[in-house]
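A structural walkthrough
This is what each chain is made of:
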Amino acid sequence: MALDFLAGCAGGVAGVLVGHPFDTVKVRLQVQSAEKPQYRGTLHCFQSIIRQESVLGLYKGLGSPLMGLTFINALVFGVQGNTLRALGRDSPRNQFLAGAAAGTIQCVICCPMELAKTRLQLQDAGAAREYRGALHCLVHIYRREGLRGVNRGMVSTLLRETPSFGVYFLAYDALTRGLGCEPGARLLVPKLLLAGGTAGILSWLSTYPVDVVKSRLQADGVRGTQRYRGILDCVRQSYEAEGWRVFTRGLASTLLRAFPVNAATFATVTVVLSYTRGPEARPEGPALAQPSSL
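On a predicted model such as this, the values are computed, not experimentally measured, just so you know. (Residues numbered from 1 in each chain as written. Predicted model: local features only at pLDDT ≥ 70, side-chain atom pairs only at ≥ 80, totals over all residues. Heavy atoms only, no water.)

Turning our attention to the packing of helix α8 (residues 188-219) against helix α9 (residues 231-242). Where α8 contacts α9, the axes come no closer than 10 Å and their chain directions differ by 105°. The angle between α8 and α9 falls in the class roughly perpendicular. Counting all contacts with α8, which are made through Val213, Arg216 and Leu217, the residues of α9 involved are Ile231, Cys234, Val235, Ser238 and Glu242. In terms of residue class, the contact of α8 with α9 is made up of five nonpolar, one polar and two charged. (Axes fitted to C-alpha atoms, helices over the stretch in contact; angles between N-to-C directions. Helix = DSSP H or I, 4+ residues; strand = E, 2+ residues; numbered from the N terminus. Parallel < 35°, antiparallel > 145°, perpendicular 65-115°, else oblique. Contact = heavy atoms within 4.5 Å. Nonpolar A, V, L, I, M, F, W, Y, C, P; charged D, E, K, R; others polar.)

This is the structure in structure tokens:
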């Protein structure tokens, strides 16, 4: 179990390093002004960030997901595995429930982590920047807004993570069974990569509009006065100003990110287990990969 946890953490780190640039683009597209949009789309956003802030601009806020990674992995792997055992039977319904339970519990770490990440991704470069890093950002928010400020967006995070983790583990379980991902099977690793990447995409599609609302709530007030009084007010104002398409903003960069993140996670897990357990090691079960929050 300890080796599985170590391999999962290493895989998570690889996933963050691969996927963070796409996440930066996603957040900037989600929160930009509808009246004066700064970016025309995913590719233009990538090009603008690199031109104005260098490649390092794509990795703004990286410290926050890396800082929370160990705790999130521990919670996700522990809760999902223990819940599945407590439910007594490995069925599609129980896979969903176990994944949903894991998604719910890890929000305690995920919400403040993503708040810091969003604030860092949106702050200006150079001397104008307000935060030195993820921890400094959270301390600064706590001093100004208290515990409630640190947990801004918690309800929307719960609404996103609970069903999306359930969908992820359910989809991954169904795909690995359908593809015949048994120990010793031919093309096992490519099949696991395909299953993990596809499950990650499905988990994002299941709750993406909620993620747009969460990002807007957590970014609210960063560049001016606060606009939203809560989730429903954010949904109403966003829809009235920009129509239903606002809830798909940044989706392309998110889906582009989802597959390689999970592919990198699975590949790293496989390599780590191979070196620690020997050549006979095989990935075991859906808890070796995680989807979205990273």
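From this point, the narrative continues.
Here the focus is the confidence of the model for the protein. Reading predicted coordinates in detail is not appropriate for stretches of low pLDDT. Per-residue confidence for the protein gives a mean pLDDT of 83, with 85% of residues at or over 70. Segment residues 279-294 is flagged for pLDDT under 50; beyond a separation of four residues in sequence, or across chains, it makes 58 contacts in the model. (pLDDT = per-residue confidence, 0-100.)

Time to look at the packing of aromatic side chains. Across all of its chains, the model carries five aromatic pairs by this definition. Ring geometry for Phe22 versus Phe46: centroids 5.4 Å apart, planes at 80°, classification edge-to-face. Residue Phe22 is found in helix α1 (residues 2-31), and its partner Phe46 is found in helix α2 (residues 42-53); the two are separated by 24 residues along the sequence. One aromatic cluster is present, built from ring pairs that chain together Phe165, Tyr168, Phe169 and Tyr172. (Phe/Tyr/Trp six-rings, centres within 6.5 Å; stacked < 30°, edge-to-face > 60°.)

The next point concerns the side chain of Ser48. When you line up the elements, Ser48 lands in helix α2. At 2.8 Å, the side chain of Ser48 and the backbone oxygen of His44 are in polar contact. What Ser48 contacts, discounting residues up to four positions off in sequence, is Tyr39 and Glu53. (Polar contact = N/O pair within 3.5 Å; in protein donor to acceptor, adjacent residues only side chain to side chain.)

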